[in-house]
Amino acid sequence: MLRNPIVCFSVNDWSDIPSSKFHIMRHLAKDRKILFIDTLGIRHPQMSSKDARRALEKLKKSLSGLRNVEENIYVWSPLAIPYHGVFLADWVNTHLVTAMVKRLITKLEMKNPIIWSYLPNAIDIIERLSEQMPTSQTVYHCIDNYAEFTDVPKSAFERMERRMLQRADLTVVSAKLLYESKKPYARQITYIPHGINLSEFRNNLERSVKLEGMSGLRRPIAGFVGRIADWVDLPLISRCARELPNWDFVVIGPSIVPLAPYLGIPNVHFLGRRDYQDLPNYIREFDVCLIPFIDIKVVATMNPLKMYEYLAVGKPVVTIPMPEVTDFAHVVTIAKPSDFPAAIVSAFETDSEAARAKRIESVSGLSWGDIAERILSQLAERSNGNSTE
């Protein structure tokens, strides 16, 4: 098994909501050093107070230098110009970030590191690093269709991603539709869906936690956990709340969209971000868990991590139709938005101890550790000249 150190180009900052790259790198850090590079950004910034605050936060992180956040995990926040696809911005980013990353690799004494990228727009940097470290292997871990994100320069990202697919020794995708769309351009590609560390996640249920924002809520409770982005169907949640006035609806997570139009709904409660280790206890308080996404291109290629977290606690799940939830149709309720209120009530009324045990069992063999080792195993086969798919 490969034990090389890893340089990870992440699409999120380390301090963001824990997601797949956080869990995988944390596992791999058990026996190697990880240089975790916070996001280079994917959106073109707007003239807004939110983007101004984000830029100031990035500046502060960048000025703090290399941070040893956990054993074997070192985080650096690059100060990149977020205008990807613009020649001058790309040139400056490539030269400055590459030079700093190479310096950090030397400082951390990382020999022949694996370059593991979640970002297609890191391709120029990765190509320069590969020139300087010709024996290093590259993994492109594609978990979203970034070209479809709002405010992303679509054509530039599509071009950068094709180059990344052709450069990477192994491309890993987390959704079947991503596999179909990336396969024609990839040197080597494999489909590995998301997972969850079941025992670790459920062990948090034994902790004594004060669940702020939950006191005084009526039952039943329908809940959503995750980033509130423009693919979350807030009008659907508000409609369900109106049609089910005896239910309370709880939404947990940071928002990157305006919430003002929904704050006046008396049985909808936005609690903001909560610590990851507290999420199992919040989810346990839900009677039904929701995946209320909008049916758009970017959603069709998502593998919703929250589904695994809901199932790990044994809760009923009501989700819109998505390709990646069909394999779990025996343990979740798939409903069109028009049928959501009725599906929520039905999922609640038909819940049972047997159904809860079946849901937990459905995610019992999907640990992040197994996923990480599977990727490294396929990368090793690739380096030995064996094909893997």
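Computed from a prediction, not measured in an experiment: that's the story for all the values here. (Residues numbered from 1 in each chain as written. Predicted model: local features only at pLDDT ≥ 70, side-chain atom pairs only at ≥ 80, totals over all residues. Heavy atoms only, no water.)

1. Some points on the pairing of strand S3 (residues 67-70)
- Here S3 runs beside strand S4 (residues 73-76); their pairing, made up of three bridges, is antiparallel. Note on S4: the bridge partner recorded for Glu 70 is Ile 73.
- Hairpin connection between S3 and S4: a loop of two residues separates the two successive antiparallel strands, and Asn 72 in this loop has a positive phi of roughly 70°. (Pairing = 2+ DSSP bridges. Helix = DSSP H or I, 4+ residues; strand = E, 2+ residues; numbered from the N terminus.)

2. Remarks on empty space enclosed by the protein
- On inspection of all chains with the given rule, the structure shows two cavities of 30 Å³ or more.
- Within this model, the second largest cavity holds a volume of roughly 40 Å³.
- Looking at the lining of the second largest cavity residue by residue, the class counts come to five nonpolar, two polar and three charged. (1 Å grid on protein atoms, 1.4 Å probe; cavity = no way out; pocket = protein on both sides within 12 Å on 5 of 7 lines; lining within 4 Å. Points joined across faces, edges and corners; volume = space filled by probe spheres on them. Nonpolar A, V, L, I, M, F, W, Y, C, P; charged D, E, K, R; others polar.)

3. Things to note about the layout of surface pockets
- Taken as a whole, the second largest pocket holds about 300 Å³ of empty space.
- Secondary-structure elements contributing two or more residues to the lining of the second largest pocket are helix H1 (20-28) and helix H7 (198-203).
- For the lining of the second largest pocket, the element with the most residues is H1, which contributes three residues.

4. Describing a nonpolar patch on the surface
- Together, Phe 87, Leu 88 and Trp 91 give the surface a local cluster of nonpolar side chains, amounting to about 410 Å² of exposed area.
- Locating Leu 88 in the fold gives a position in helix H3 (residues 87-107). (Patch = residues over 30% accessible without salt bridge, like charges linked within 9 Å, V, L, I, M, F, W, Y side chains within 5 Å. Areas by Shrake-Rupley, 256 points an atom, 1.4 Å probe, with all protein chains shown as cover. Salt bridge = Lys/Arg side-chain N within 4 Å of Asp/Glu carboxyl O.)

5. Some words on the packing of H1 against helix H14 (residues 368-383)
- It is at 9 Å that the axes of H1 and H14 come closest, and there the two elements cross at 75°. One way to sum up the angle between H1 and H14 is to call them roughly perpendicular. Mapping the contact onto sequence places Ser 20, His 23, Ile 24, His 27 and Leu 28 in H1 and Trp 368, Gly 369, Ile 371, Ala 372, Glu 373 and Leu 376 in H14.
- The class makeup of the residues in the contact of H1 with H14 is six nonpolar, four polar and one charged. (Axes fitted to C-alpha atoms, helices over the stretch in contact; angles between N-to-C directions. Parallel < 35°, antiparallel > 145°, perpendicular 65-115°, else oblique. Contact = heavy atoms within 4.5 Å.)

6. Considering the side chain of Glu 324
- By secondary structure assignment, the location of Glu 324 is in the loop between strand S13 (317-319) and strand S14 (333-334).
- Of the polar contacts made by the side chain of Glu 324, one reaches the backbone nitrogen of Lys 176; its length is 2.7 Å.
- Polar contacts involving the side chain of Glu 324 include one to the side chain of Asn 303, which spans 3.3 Å. (Polar contact = N/O pair within 3.5 Å; in protein donor to acceptor, adjacent residues only side chain to side chain.)

7. Side note on the packing of aromatic side chains
- With the rule as written, the count across this model stands at eight aromatic pairs.
- Taken together, a centroid distance of 5.5 Å and an interplanar angle of 65° make the contact between Tyr 146 and Phe 149 edge-to-face. With respect to class, Tyr 146 is no different from Phe 149; both count as buried.
- Aromatic pair Tyr 308 and Phe 328: ring centres 5.5 Å apart, planes at 75°, arrangement edge-to-face. (Phe/Tyr/Trp six-rings, centres within 6.5 Å; stacked < 30°, edge-to-face > 60°. Buried < 20%, exposed > 50% of the residue type's maximum accessible area, 1.4 Å probe, protein only.)

8. Observations concerning the sheet that holds strand S11 (residues 268-272)
- An order of S11-S10-S9-S12-S13-S14 is seen for the six strands of this open sheet, with the pairing classed as parallel. Looking along the sheet, the strands with just one partner apiece sit at the ends: S11 and S14.
- Summarising the sheet, strand S10 (residues 248-252) and S11 pair through four bridges and their orientation is parallel. If you follow Val 250 over to S11, its bridge partner there is His 269.
- The sheet contacts of helix H11 (residues 305-312) involve strand S9 (221-225), strand S12 (288-291) and S13, and relative to S12 the element is tilted by about 170°.
- Along the sheet, helix H12 (residues 340-349) makes contact with S9, S10, S12, S13 and S14, crossing S12 at roughly 145°.

9. Digging into the sheet that holds strand S6 (residues 138-142)
- In space, the eight strands of this open sheet follow the order S3-S4-S2-S1-S5-S6-S7-S8, with mixed pairing throughout. Either end of the sheet is taken by a strand with one partner, and the two such strands are S3 and strand S8 (189-191). The sheet shows a mean angle of 25° between the axes of neighbouring strands, direction not considered.
- Examined bridge by bridge, strand S2 (residues 34-37) and S4 share four bridges and lie parallel to one another. Within the sheet, the bridge partner assigned to Phe 36 lies in S4 and is Val 75.
- Strands in contact with helix H5 (residues 154-167) are strand S5 (114-117), S6 and strand S7 (170-173); relative to S6, the strand with the most contacts, it is inclined by about 135°.

10. Considering the nonpolar core
- Phe 9, Met 25, Val 101, Trp 116, Phe 249, Phe 293 and Ile 344 are the most contacted members of the largest nonpolar core, which totals 136 residues.
- Discounting residues that sit within four places of it in the chain, Val 101 has contacts with Val 7, Phe 9, Leu 35, Ile 37, Trp 76 and Leu 129. (Core = buried A, V, L, I, M, F, W, Y, C linked by side-chain atoms within 4.5 Å.)

11. Brief notes about helix H4 (residues 123-132)
- All of the buried residues in H4 are Ile 123, Ile 125, Ile 126, Leu 129 and Ser 130. Projected down its long axis, H4 shows its buried positions confined to an angular sector of 155°, all on one face.
- Buried-residue contacts for H4 involve strand S1 (6-9), H3, S5, S6 and H5. (Arc of directions from axis to C-beta.)

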